[in-house]
Amino acid sequence: MTDPPETDAIKGIDLAGRLADWPKMLVTHLETQVLPEYFFASRWFGGKRRTLQQLRVIRAVPGPWPGEVRLFIAEVTYADSEREEYLLPLAVVSKVQLDHEVEGKPATMVSKLGPDDVLVDALTLPAFRAALLAVLSGADTMVGGLKPAGEGLAAALEEYGSATRFMSVEQSNASVAVGPRLWLKVYRKLERGQHVEVEVMKHLHCSGAFAHIPPVHGSLSLSTGQGESTVAVLMERVGHVGDGWASALNCLAKGFDELMVGDFPGSAAVGREFPAPMQRFLARARQLGRRTGELHGALALPGGEGRAFAPEPWTAEDAQQLQQATRDAVERLLASLQAEAAARPPEWAPLASRILKGQDALLARMGMPPSNLAGGQKIRIHGDLHLAQVLDTGVDFVFIDFEGEPSLAMNERRFKRPALKDVAGMLRSFQYAAAAALKNRSTEERLTLEEVAMAWASEACRNYLKGYRETAEGRGFLPDSALAFEDQLSILLLEKVAAEVQYELSYRPSWADIPLGAVCSLINPDKSAFSNSL
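Residues numbered from 1 in each chain as written. Predicted model: local features only at pLDDT ≥ 70, side-chain atom pairs only at ≥ 80, totals over all residues. Heavy atoms only, no water.

Participant: Got a sec to walk through the overall build of the protein? Specific residues and values, please.
Facilitator: In terms of helices and strands, the protein carries 16 helices and 18 strands. Considering only C-alpha atoms, the protein reaches an extent of 70 × 50 × 50 Å along its principal axes. For the protein, the proportion of its 534 residues judged to be buried stands at 53%. Surface exposure of the protein reaches about 22,700 Å², of which carbon and sulfur atoms provide 50%. Counting 56 positive and 67 negative side-chain charges, the protein places the averaged centre of each group 2 Å from the other. (Helix = DSSP H or I, 4+ residues; strand = E, 2+ residues; numbered from the N terminus. Buried < 20%, exposed > 50% of the residue type's maximum accessible area, 1.4 Å probe, protein only. Areas by Shrake-Rupley, 256 points an atom, 1.4 Å probe, with all protein chains shown as cover. Lys, Arg positive; Asp, Glu negative; His and termini not counted. Charge placed at Lys NZ, Arg CZ, Asp CG, Glu CD.)

Participant: A description of the environment of M454 should follow, citing residues and the corresponding values.
Facilitator: Considering the arrangement of structural elements, one finds M454 in helix α14 (residues 443-472). Judged by its relative accessible area of 28%, M454 is partly exposed. Along the chain, M454 and L465 lie 11 residues apart, while their C-alpha atoms are 17 Å from each other.

Participant: Quick rundown of the state of the cysteines? Include the residues and the values.
Facilitator: Under the counting rule described, the total for this entry stands at 0 disulfides. For the unlinked cysteine C251, the closest cysteine sulfur is that of C461, found at 13 Å. We classify C461 as buried; its relative accessible area is 0%. (Disulfide = S-S within 2.5 Å.)

Participant: If you had to explain the nonpolar core to someone new, which residues and values would you point to?
Facilitator: Of all hydrophobic cores here, the largest spans 99 residues; its most connected members are F430 and W456. Every residue in contact with F430, bar those within four places of it in the chain, is listed here: F281, A285, L288, L387, W456, A457, A460, C461 and Y464. Residues V102, L136, V178 and L220 belong to the second largest nonpolar core, which totals 40 residues. (Core = buried A, V, L, I, M, F, W, Y, C linked by side-chain atoms within 4.5 Å. Contact = heavy atoms within 4.5 Å.)

Participant: Could you give an account of the packing of helix α10 (residues 349-357) against helix α16 (residues 513-523), naming the residues involved and the relevant values?
Facilitator: Geometrically, a packed helix pair is captured by the angle between its two axes and the distance between the axes. It is at 9 Å that the axes of α10 and α16 come closest, and there the two elements cross at 35°. Crossing of α10 over α16 shows left-handed handedness. Residues L351, R354 and I355 of α10 lie in contact with α16, whose contacting residues are D513, L516, G517, V519, C520 and I523. A class-by-class count of the residues in the contact of α10 with α16 yields 6 nonpolar, 1 polar and 2 charged. (Axes fitted to C-alpha atoms, helices over the stretch in contact; angles between N-to-C directions. Left-handed = near helix turned anticlockwise from the far one by under 90°. Nonpolar A, V, L, I, M, F, W, Y, C, P; charged D, E, K, R; others polar.)

Participant: Please give an account of the environment of L427 that cites residues and values.
Facilitator: Inspection of the secondary structure puts L427 in helix α13 (residues 420-439). For L427, a relative accessible area of 0% corresponds to the buried category. Between the C-alpha atoms of L427 and G289, which are 138 residues apart in sequence, the distance is 9.9 Å.

Participant: Which residues make up unusual backbone geometry, and what are the values?
Facilitator: Cis peptide bonds are those with omega within 30 degrees of zero, and the linkage from K105 to P106 qualifies with 5°. For P106, the location among the structural elements is in the loop between α2 (95-100) and β4 (109-112). A positive phi is found at S81, a non-glycine position, where the angle reads about 75°. Looking at where S81 falls in the secondary structure, it is placed in the loop between β2 (69-78) and β3 (83-94). With a relative accessible area of 53%, S81 lands in the exposed category. Phi is positive for D401, which is not a glycine, with a value near 55°. Along the chain, D401 falls in the loop between β17 (397-399) and α12 (410-413). Overall, the relative accessible area of 18% leaves D401 in the buried class.

Participant: Account for the sheet that holds strand β14 (residues 312-313), with residues named and values stated.
Facilitator: Taken in spatial order, the 3 strands make up an open sheet running β14-β15-β18, and their pairing is antiparallel. Either end of the sheet is taken by a strand with one partner, and the two such strands are β14 and β18 (417-418). Judged from the 2 bridges that link them, strand β15 (residues 377-379) and β18 form a sheet pairing that is antiparallel. The residue of β18 that forms the bridge with I379 is R417. (Pairing = 2+ DSSP bridges.)

Participant: Help me get a handle on the pairing of strand β9 (residues 182-186), residues and values and all.
Facilitator: For β9, the buried fraction is high: 5 of the 5 residues fall into the buried class. Because side chains alternate across β9, one face comprises the buried residues L182, L184 and V186, and the other comprises W183 and K185, equally buried. Of the strand pairs in this sheet, strand β8 (residues 174-178) and β9 are connected by 5 bridges, and their pairing is antiparallel. By the bridge assignment, V178 is partnered in β9 with L182. From the end of β8 to the start of β9, which pair antiparallel, there are 3 residues, and G179 there has a positive phi angle of about 60°.

Participant: Quick one: what's the story with the packing of helix α6 (residues 244-261) against α13, residue by residue and with numbers?
Facilitator: Orientation of α6 relative to α13, taken along the N-to-C sense of each, is 45°, at an axis distance of 9 Å. Considered as vectors, α6 and α13 are oriented oblique to each other. The handedness of the crossing between α6 and α13 is right-handed. Along its contact with α6, which presents W245, A248, L249, L252 and F256, the element α13 presents S429, Y432, A433, A434, A436, A437 and L438. (Parallel < 35°, antiparallel > 145°, perpendicular 65-115°, else oblique.)

Participant: Tell me about the pattern of salt bridges, and please be specific about residues and values.
Facilitator: Pairing is possible between side chains of opposite charge, provided their charged atoms come close. Summed over the entire model, instances satisfying the criterion amount to 31 salt bridges. Among the ionic pairs, R129 bridges to E103, the shortest N-O distance being 2.8 Å. Note that R129 is positioned in helix α3 (residues 126-136) and E103 in the loop between α2 and β4, a separation of 26 residues in sequence. Of the charged contacts, one joins E199 and R380 as a salt bridge, the two residues approaching to 3.0 Å between their closest N and O atoms. (Salt bridge = Lys/Arg side-chain N within 4 Å of Asp/Glu carboxyl O.)

Participant: So what's going on with the packing of aromatic side chains? Which residues, and what values?
Facilitator: With the rule as written, the count across this model stands at 14 aromatic pairs. Plain terms: the ring middles of F40 and F45 are 5.1 Å apart, the flat faces sit at 75° to each other, and that makes the pair edge-to-face. Given the relative accessible area of 30%, F40 is considered partly exposed. Members of the aromatic cluster, joined through ring pairs, are Y38, F39, F40, W44, F45, Y78 and Y86. Between the NZ or CZ atom of R380 and the centre of the ring of F309, over which it lies, the distance is 4.6 Å. (Phe/Tyr/Trp six-rings, centres within 6.5 Å; stacked < 30°, edge-to-face > 60°. Lys NZ or Arg CZ within 6 Å of the ring centre and 35° of its normal.)

These values are about where atoms sit, not about what they do.
As structure tokens, then:
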């Protein structure tokens, strides 16, 4: 067993009677001493690079919860006075329960509370998950402000919803396997209104124009005095061999192994002579491009409430706003690199220095006339598309996680945007996969394999774009001009790369060299690169 987090035990609190209300002293201790550190250590907390002013437990949501469990709402206030709310299911468990019931240790453990008790994420307890499903199957019956919605929801849970399993901790939300066929996604951050993921998947199901998504059975919302928020959605689990990211890394690993045990073909990077595993995924990249084009075609169909999904013209004014947003993102990137100069890991310090020296050339990439970027339409998009957001069934792909960019507010995730924003995200994901696969090799092997890995990534991008254009061109949402297509994609790639750097600095500094290298390539672009030769 992994030992629980080492924190000072709370003196003067008797937890033996935890079936009653939790003592105020305990809640105060959590707010001031425990939860701030827990939030900043959790993947689902979006404010890691912001200054926290206060964290308060503002409400306990009533329900048929086990006695040791509380379903709290926590309010985070930042130094700029902006506030966010998070769903916070907590449970006080004994060491015996910790050994035999709690899943996902040690990341799901919050704090030691005394010699015999530990505070954990309540979603790791089967008893709490069973109570949550009981509320979900309540057929439009409100419990403590929680209300289920969805046709066939109760029937699906009756048929499949018995055993549950906590699936993940390293995501922006929580995932629970329900029986053999269902999957419950619990949203950690609470935002007013129907969740964008529920809205988009409902539109796709109702249109019938795109079948490559999981069937949705229903959702659970929470009503408070401030409005209603979606807290969970119940979907069917899709049989798959892994997500697209895992499939890409697997094919690269096998291909690298073949290259290292055989006579290394020095011309592979030039002649595209890749080993069979790497070749197979290149064909799948074209298929994935076609599916992305079909997805955008379905999202461009009018439907939903009002004009929620109706395409709108992409104008020179929109292009100008994109240029300014990209400039702002690049300037934030430059400021971060300057501010954190002393803390740069040695492996990417030279990359940061090259970027700071070449910042004028980088900013000049936003200098094209906005009219060059005009044309086509803005539509609803996936919003956070990359290889890990598609499941690989072995013969096809299924798209998941339609919640949009986690760093944006819910209303911003509903904004219509150029479809090529999703395309830029997937293209960068191919490049990321190649760079990540290299990280798994020895230093000597990396030097040998780097050229062929990057050549594979470029070829995957080309194949993806071929498949995408085969399906999407002529649908109205793409620019008619090949030059406008290229210029739009170029600036969206720059915007994406700048965001990647900020993400890695926040969550995985050891990976920051991947997007930093991409930024360097944009300062002195290779004219043969896929983004410059569409």
